[in-house]
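Understanding the architecture of this molecule
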Amino acid sequence: MTTIASNLQAVRTEIKRSVSQSGRRLDDVQLLAVSKTFVANALREAYQAGQRDFAENYVQEALDKMAALQDLAITWHFIGPIQSNKTRAIAENFAWVHSVDRLKIAERLSEQRPANMPPLQICLQVNISNEKSKSGVASNEVEELAYAIAKLPNLKLCGLMAIPAPSDDVATQRTGFARLRQLRDKLNLHGLQLDTLSMGMSHDFSAAIAEGATMVRIGTAIFGNRT
Ligand SMILES: *Cc1c(COP(=O)(O)O)cnc(C)c1O
């Protein structure tokens, strides 16, 4: 077995353990393999080990890999910061975008989504730890942005994404993830229908699953350290 295949197996085992420990169903948690900085052949290896959903942070790097991996049935997720001049390439090539935090970007993605493709699936990135330097919409502005985006024709607003401030303490990790879940639940009480919580990375995905993550975004634990 290759290193990537055995890493994937270990991650899946840990996901199963966390899911059953929190009384959830395995079907409710989807694994995204975060492949930024890794070459197309690394993704191919993960694909051969059964992985289908891949997440990328940089548009040009992703387009190059898509071209190299055209023969594979990959679902592509965009999770990086979005510049206005990159929205067309994102709208035309991805199934999901997890990092929307401004209406203007969402409007461009909706306008530029090709008519023959299904709606682009969207998560709003929330600055859940209120870090000054971090991207993401502030918690108290999420609701207004969510309503505006929910009206755009070629997008499907699916849920929320966050990268809480890193911590080694599981209780602290869970607090950040719980805040995102509570925010999602509040929006649903106010009439939206958001089922996705994109949260949890290599160092904290068990805590995220315990707090309701439906998508975990894992890079290092699958592909190794980025250089
Ligand atoms: C790089 C990245 C990840 C994966 O992080 P790891 O710690 O390598 O698992 C997840 N989400 C986002 C938004 C990222 O940029």
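Relevant structure appears above.
Notes on the structure follow. A quick note: this is a predicted structure, and the numbers were derived from the prediction, not measured.

About the criteria used
Residues numbered from 1 in each chain as written. Predicted model: local features only at pLDDT ≥ 70, side-chain atom pairs only at ≥ 80, totals over all residues. Heavy atoms only, no water. Phe/Tyr/Trp six-rings, centres within 6.5 Å; stacked < 30°, edge-to-face > 60°. Helix = DSSP H or I, 4+ residues; strand = E, 2+ residues; numbered from the N terminus. Buried < 20%, exposed > 50% of the residue type's maximum accessible area, 1.4 Å probe, protein only. Lys NZ or Arg CZ within 6 Å of the ring centre and 35° of its normal. Salt bridge = Lys/Arg side-chain N within 4 Å of Asp/Glu carboxyl O. Near = heavy atom within 4 Å. Polar contact = N/O pair within 3.5 Å; in protein donor to acceptor, adjacent residues only side chain to side chain. Areas by Shrake-Rupley, 256 points an atom, 1.4 Å probe, with all protein chains shown as cover. Nonpolar A, V, L, I, M, F, W, Y, C, P; charged D, E, K, R; others polar.

Another aspect to go through is the packing of aromatic side chains. A complete count under the given rule lists three aromatic pairs for this structure. For the ring pair F54 and W76, a centre distance of 6.3 Å and an interplane angle of 45° mean the geometry is tilted. Placement of the pair is F54 in strand β2 (residues 53-56) and W76 in strand β3 (residues 75-78), with a sequence separation of 22 residues. For the pair F54 and W76, a shared accessibility class is recorded, and that class is buried. Ring geometry for F78 versus F94: centroids 5.3 Å apart, planes at 75°, classification edge-to-face. In this pair, F78 sits in strand β3 while F94 sits in the loop between α4 (87-93) and β4 (96-100), placing the two residues 16 residues apart along the sequence. The pair formed by F78 and F94 is uniform in burial state, with each residue classed as buried. Across from the ring centre of Y47, 3.6 Å away, lies the NZ or CZ of R52, which sits over that ring.

In the structure shown here, the tally under the stated rule is 12 salt bridges. In this structure, the salt-bridge partner of R88 is E92, at a minimum N-O distance of 3.9 Å. Pair noted here: R88 and E92 are both in helix α4, with a separation of four residues, about one helical turn. When its relative accessible area of 45% is taken as the criterion, R88 is described as partly exposed. Two residues, E211 and R174, come together in a salt bridge whose shortest N-O distance is 2.8 Å. Separated by 37 residues along the polypeptide, E211 in the loop between α8 (205-210) and β8 (215-218) and R174 in helix α7 (residues 170-189) bring together distant segments of the chain. Taking the relative accessible area as the measure of exposure, E211 reaches 9% and is therefore buried. Salt bridges sharing partners connect three or more residues here, namely R25, D27 and D28.

Let us now look at the site of the ligand. Neighbouring residues of the ligand: 13 residues in total, closest K36, N57, S202, T220 and R226. Between N57 and the ligand, the recorded distance is 2.7 Å, taken from a side-chain N or O atom to an oxygen atom. For the ligand, whose accessible area on its own is 380 Å², the fraction buried by protein is 90%. Taken together, the residues that form the shell around the ligand break down as six nonpolar, four polar and three charged.

Time to look at unusual backbone geometry. The phi dihedral of T37 is positive, around 75°, even though this residue is not glycine. Mapped onto the secondary structure, T37 falls in the loop between β1 (30-34) and α2 (40-48). Phi at N130 is positive, roughly 50°, even though this residue is not glycine. Along the chain, N130 turns up in the loop between β5 (120-126) and α6 (142-150).

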